[in-house]
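Coordinate analysis (summary)
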Amino acid sequence: MNFADEIFELRELQRLEGHADRVWGLAWKPATGADGVPAVLASCSGDKTVRVWEQSPLTGSFQCKAVLEETHNRTVRSCAWSPSGKLLATASFDATTAIWEDIGGDFACISTLEGHENEVKSVSWNASGSLLATCGRDKSVWIWEVLPHNEFDCVSVLQGHTQDVKMVQWHPTMDILFSCSYDNTIKIWAEDGDNDDWHCVQTLNESNSGHTSTVWALSFNATGDKMVSCSDDLTIKIWGSDIMRMQSGDGNAPWKHLSTLSGYHDRTIFSVHWSRDGIIASGAADDAIRLFVESEDHLIYKVQKRVYIKRENYY
């Protein structure tokens, strides 16, 4: 679908209410919302709970089907479904990551991952579901291997960042891990094939046209050859890499700065996401969501829509 020359509109379909505090993260369950399978969404909150919402095939409205509680004792900052949709990982300010199993619509906490010194800020599964990554305020990134019988083994603790790590995200097709931090950098991690150690293969920072302040989030396009990041410096940056070189087994294919989008938000940009349809959405502290699409010449990105959100409507 080509949105470059189209004008489209976003409208609110439904407001999901139930959390008693700020909602920090959302995650769509894989393989839902298509082919007659109802869409399923997980949300996590400062109220220490996770809610699972399911869309009714008859009315199209979402209803809360499960509340996951009494496991975390502080804010649940991030949630992520495994690629199969069988497991849900939740990262909390209580320094733990919980793993929940979906058993016929009922959820049971089957494992609790401990190791971070304090708040866990983000959790992410790799494409195959064999690895899990977490990051936190302790400046570290942990990589966990998924073992049989619901066991998880920490295979590496990565200490390259000098400040709070805000987000971890696996590449959509390869076992390459990306982390962004309060230290103004994005770090790219890959496994050393000779000794199975993980190491930083590239750092994106001000010296290579990177951000000049805290990097809050990043996301990939559908093919994985481009990445978008957002920052406290009020910019959105587009990065590109040689996907063919990466797929050939060279995890060191460098990422290069392609474009900087500035002047669209006037307060910190906290969130950015690249949709499967090629639309980039950014959310900021100026109470606005911006939508961008790539021009047909692939050289620039232009804003298509600005959606204002009233602050008093946050949950």
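Being a predicted model, the structure only gives us computed values, none of them experimental.

Let's talk about the overall build of the chain
In terms of regular secondary structure, the chain is built from 1 helix and 24 strands. Going through the 315 residues of the chain one by one, you find that 50% of them count as buried. Taking the intrachain contacts of the chain between residues at least 6 apart in sequence as the baseline, contacts between residues at least 24 apart amount to 43%. For the chain, the accessible area works out to roughly 15,400 Å², and carbon and sulfur atoms hold 46% of it.

A short note on the UniProt feature "repeat: WD" (unreviewed entry) in the chain
UniProt's feature table lists "repeat: WD" (unreviewed entry) at residues 16-54, 69-101, 113-146, 158-189 and 208-239, given in the numbering used throughout. Regarding residues 69-101, the helix share stands at 0% and the strand share at 55%, and the terminal C-alpha atoms are separated by 14 Å.

Some points on unusual backbone geometry
Of note, the phi angle at Glu70 is positive, near 60°, even though the residue is not glycine. Structurally, Glu70 can be placed in the loop between strand 4 (62-68) and strand 5 (76-81). Here the phi dihedral of Asp287 falls at roughly 65°; this positive angle occurs in a residue that is not glycine. Here Asp287 is to be found in the loop between strand 22 (280-284) and strand 23 (288-294).

With respect to the packing of aromatic side chains
Applying the stated criterion to the full structure yields 11 aromatic pairs. Aromatic side chains Trp142 and Trp144 sit 5.4 Å apart centroid to centroid with 20° between the ring planes, which places their arrangement in the stacked category. Each member of the pair Trp142 and Trp144 is classed as buried. When the centroid spacing of 4.9 Å and the interplanar angle of 75° are considered together, the rings of Phe178 and Phe220 count as edge-to-face. You can see Phe178 sitting in strand 14 (residues 177-181) and its partner Phe220 sitting in strand 17 (residues 215-220), a full 42 residues away along the chain. Take Phe178: its relative accessible area is 0%, and that puts it in the buried class. An aromatic cluster is built from Phe178, Phe220 and Trp255, whose rings are joined through pairwise contacts.

Cut-offs used in this document
Residues numbered from 1 in each chain as written. Predicted model: local features only at pLDDT ≥ 70, side-chain atom pairs only at ≥ 80, totals over all residues. Heavy atoms only, no water. Helix = DSSP H or I, 4+ residues; strand = E, 2+ residues; numbered from the N terminus. Buried < 20%, exposed > 50% of the residue type's maximum accessible area, 1.4 Å probe, protein only. Contact = heavy atoms within 4.5 Å. Areas by Shrake-Rupley, 256 points an atom, 1.4 Å probe, with all protein chains shown as cover. UniProt positions renumbered as here; feature names shortened; annotations may be inferred. Phe/Tyr/Trp six-rings, centres within 6.5 Å; stacked < 30°, edge-to-face > 60°.

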